[in-house]
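Geometric and topological summary
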Amino acid sequence: MMHDSIQQTLSSFIAERILKQPKRTIRPDEPLISSGLIDSFSLVDLALFVEDTFGVHIADTELNASTFDNLEQLSQLILSRKAA
Amino acid sequence: MNNFSQVLREFYQREPERVIVTLQHPNQPDYGITYRELVECANDYAMAYAQAGIQPGEVIILILQHGKDLVYSYWGAVLLGAIPSIMPFLTEKLSPERYRADLSALFKYTRPTAVVTYPEFEAEVHALMTASSSTVREVFVAGRIPRQEHLDFDHLPGLQRQATDIVLLQHSSGTTGLQKGVALSHRAVFNQLDAYSAAIRLTQDDVIVSWLPLYHDMGLIACFLMPILRGVHVVQMSPFDWVRAPWRLLRAVSDYRGTLTWLPNFAYNFCAQKIRDRDIEGVDLSSWRAIINCSEPVRFESHQMFYERFQAYGLRFEALQTCYAMAENVFAVTQNDLNQPPYVEKIDRQAFHEKHLAHLALDTRPALYMMSSGQVLPNAAVRIVDAHGRDLPERHIGEIALKSNCMLTEYYNRPDVTRKAFLPDGWYLTGDYGYLAQNELFVIGRKKDMIIVGGRNIYPQDIESLACEIPGVHPGRTVAFGIFDPLQGTEEVALVAEVDINDQAEQEQIADAIRKHIAKNSAIAIRYLRLVGPKWVLKTSSGKVARSANKEKFLREFGEEFGIQDTQLS
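Fair warning: this is a prediction, and the values are worked out from it, not measured in the lab.

1. Quick word on the overall build of chain A
From N to C terminus, chain A includes three helices and zero strands. Counting from the amino terminus, helix and strand elements in chain A follow one another as α-α-α. Overall, chain A is about 35 × 25 × 20 Å in size when its C-alpha atoms are taken along their principal axes. Counting all 84 residues of chain A, 31% fall into the buried class.

Structural data, given as structure tokens:
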């Protein structure tokens, strides 16, 4: 799966399932965690979705803004772990 | 014994090497604190407070997260005879301006003389100290408290406190909550612990496992003060760690043979839905004798979901229990009999909604499952009253009024608020709706507009005023309310805001700005946000926002748009 389509998939998941605004698009550089857009109760949902969809595990201790804070960083993380 | 310090001295002398608190942190070995270490390190804090001139009876605010310093600084305040209060700490997501505003709100009535915090936050508190009205004289920084070589327990001023003296304050979060500190006496806490530990048959063989924050009554009383004052081992993890990895709770129960846990209702759903098998491989939950559901309305469906998910790991159905509690009563008002599962009944849906009656449903009628919060503890009495304070019969829904021997002394420095909370004959009006049937108390929800998300109390007016700070939103024309989500087992926050702009793109920008502003300033996620045109929001004749009427209008007009099922209870 390519970088852009990973971002697209993540964007739809966050808009539909976490924000409940299906029409909303999320910019690649838009802060997700530090801005509070994704609240702490939803972080584990995001991690489980990433695991189910891309087969990449994100540990609970990595679920913070210093590991990834936007779609660009998250998709890079997914790609680098898929390659490993 | 008259006070906390005397109890602590007894354990310190009798069982100094008993591990009483175990702190868990991810990727670190667990840290066990004995009574000896607890007392010695608390003494370091007590001496530091005393040397800075902090006096018994003064308030010390603790702005600390899960960890050793929170434990030591709390008991240090107790040993000095000062009044500790844990600030509902705010995360890095919050703006410094909001933190300052929250602290100012807290300081306004609480009038603390000292604050304990982390190095990262020291400058912030100092800045606030210089404000002319501030009563804070000293900021203590965790990690910089000098060690004392000697411990002279018998001369610690905490030993001299009277049973009726205030021992601690509890606040709920948000600007409104921070201005209402619940002040509790030593005696009130002891009376609660006597009644409650008998109800749950607490023994020193019990092991409490908890992820609850200590600024909340459920965490502070059931999972911090009760175990330490009763010699029961407690294993604690941080709420921040648990919410990212709910399996840690189950793993800790298995590792420590945990017997008791308290959870808000949403946590049953959260654990059932968000834990993978691989994270709990080999976990054995058979030691868990009670998992007590408390601090938001309890749901039978949540218990079922939790049981079905974890029964294969040795979880017993009878372990799923309920309780009704509030900070103003120290903690528990009711507790279910631990020998059996909570009583569940089916009531007629129509009579409930239209007549506020909880009649048992005939088989053919649409019904609601109601789960009891248990029986009133022997040290308390409960009445159900109407809007005029008159008693209502069984199965009539009204406000829960309470009297007990463990009530708050006052809302700290708020005689006006304290007076309003009580009926003339001394009954405390809880602000919760419920009904009694066959000695069981069923709690339905808040009478006032407060929203409870995951056990956390949220005042809608705090959210509404934040939304009004966004350009484009009509000042005074926003309304916030809670909507119960059966999947999550808790309420979600909905917000409606009036705007003039019709342009779709501009509206999206405003919606975004509102979300971010509220997340940054309150750490609350708005789940349902709807912008509307002028004159949508309904107001009462006196110009107040009528939240329940607006909620009904919202569900009617937009329920389908947001995919909200018609499961609203009130």
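There is more to say after this.
2. Observations regarding the environment of V78 of chain B
Residue and element names in this part refer to chain B. Structurally, V78 is set in helix α3 (residues 68-80). Among the residues examined, V78 registers 28 C-beta atoms within 10 Å and is labelled buried. Along the primary structure V78 and V167 are separated by 89 residues, whereas in three dimensions their C-alpha atoms are 7.2 Å apart. In contact with V78, other than residues within four places in its own chain, are F4, S5, P84, G158 and V167.

3. Some thoughts on the confidence of the model for chain B
When pLDDT is averaged across chain B, the result is 92; 97% of the residues are at 70 or more. Taken over the whole predicted complex, pTM reads 0.90, whereas the ipTM for its chain interfaces reads 0.92.

4. A closer look at the interface of chain B and chain A
Taken together, the 18 residues of chain B in the interface contact 14 residues of chain A. Mapped onto the side of chain B that touches chain A, the elements with two or more residues apiece are α9 (239-244), α16 (504-522) and β27 (526-532) of chain B. At four residues, the largest contribution of residues to the side of chain B that touches chain A is made by α16 of chain B. Taken together, the residues of the side of chain B that touches chain A break down into nine nonpolar, two polar and seven charged.

5. Describing the sheet that holds strand β19 (residues 398-404) of chain B
Residue and element names in this part refer to chain B. What the four strands build is an open sheet, ordered β18-β19-β21-β22; its pairing is antiparallel. The two strands at the open ends of the sheet, each matched to only one other strand, are β18 (380-385) and β22 (440-446). Pairwise comparison of adjacent strand axes, ignoring direction, gives a mean angle of 50° for this sheet.

6. A look at the pairing of strand β9 (residues 207-210) of chain B
The side chains of a regular strand alternate between both faces of the sheet. All names here are of chain B. Alternating residues of β9 divide into V207 and V209 and I208 and S210, and every residue in both groups is buried. Note: β9 against strand β10 (residues 233-236), four bridges, orientation parallel. Pairing of I208 across the sheet is with V234, part of β10.

7. Some details on the sheet that holds strand β7 (residues 166-170) of chain B
All names here are of chain B. Pairing within the open sheet is antiparallel, and its three strands lie in the order β7-β8-β20. Only two strands of the sheet have a single neighbouring strand rather than two, namely β7 and β20 (410-411). Bridge count between β7 and strand β8 (residues 182-185): four bridges; the pairing is antiparallel. From the neighbouring strand, L169 faces β8, where its bridge partner is A183.

8. Here's the deal with unusual backbone geometry
All names here are of chain B. With a phi close to 50°, R257 is a non-glycine residue in the positive phi region. Looking at where R257 falls in the secondary structure, it is placed in the loop between α10 (247-256) and β11 (260-263). R257 gets classed as partly exposed once you count the C-beta atoms within 10 Å, which come to 14. Despite not being glycine, S295 shows a phi value in the positive range, around 90°. Position of S295 among the secondary structure elements: in the loop between β12 (290-293) and α12 (300-310). Given 28 C-beta atoms within a 10 Å radius, S295 is considered buried.

9. Concerning α12 of chain B
Residues lying three or four places apart along an α-helix face the same way, a consequence of the helix completing one turn every 3.6 residues. All names here are of chain B. Those residues of α12 lying buried are F300, S302, H303, F306 and F310. On an axial view of α12, the arc spanned by its buried residues comes to 160°, and they lie on one face. In the core, the buried residues of α12 are packed alongside α11 (265-274), β13 (320-325), β15 (344-348) and β16 (367-371).

10. Section: helix α2 (residues 35-51) of chain B
If you check α2 of chain B, its first and last C-alpha atoms are 24 Å apart, about what 17 residues at 1.5 Å a residue would give, namely 24 Å. Buried residues of α2 of chain B: Y35, L38, V39, C41, A42, N43, Y45, A46, M47, A48 and Y49 of chain B, and no others.

11. Things to note about the confidence of the model for chain A
On average, residues of chain A score 90 in pLDDT, and 99% of them are at 70 or above. For chain A, per-element mean pLDDT is lowest for helix α1 (residues 3-18) of chain A, which scores 92, and highest for helix α3 (residues 71-83) of chain A, which scores 94.

12. So, the nonpolar core
A general feature of soluble globular proteins is that nonpolar side chains tend to end up buried together. All names here are of chain B. Residues Y49, I60, L62 and L184 are the most contacted members of the largest nonpolar core, which totals 152 residues. Counting contributing residues, this core receives three or more from each of domain 1 (34-180) and domain 2 (322-446). Leave out the neighbours within four places in its chain, and L62 touches L70, S73, Y74, P84, S85, I86, M87 and V116.

13. Quick notes on the pairing of β22 of chain B
Residues and elements named next belong to chain B. The buried count for β22 comes to five of seven residues, which makes it a mostly enclosed element. Where strand β21 (residues 428-437) lies against β22, six bridges are found, and the strand directions are antiparallel. Note on β22: the bridge partner recorded for L436 is L441. With antiparallel pairing between neighbouring strands as the criterion, β21 and β22 make up a hairpin whose turn holds two residues, including Q438 at a positive phi of roughly 50°.

Here is what the cut-offs are and how they apply
- Residues numbered from 1 in each chain as written.
- Chains lettered and ligands numbered in written order.
- Predicted model: local features only at pLDDT ≥ 70, side-chain atom pairs only at ≥ 80, totals over all residues.
- Helix = DSSP H or I, 4+ residues; strand = E, 2+ residues; numbered from the N terminus.
- Buried ≥ 20, exposed ≤ 12 C-beta atoms within 10 Å, placed from the backbone.
- Contact = placed C-beta atoms within 7 Å.
- pLDDT = per-residue confidence, 0-100.
- Nonpolar A, V, L, I, M, F, W, Y, C, P; charged D, E, K, R; others polar.
- Pairing = 2+ DSSP bridges.
- Axes fitted to C-alpha atoms, helices over the stretch in contact; angles between N-to-C directions.
- Arc of directions from axis to C-beta.
- Expected span 1.5 Å × (residues − 1).
- Core = buried A, V, L, I, M, F, W, Y, C linked by C-beta atoms within 7 Å.
- Domains from an automatic or database assignment.

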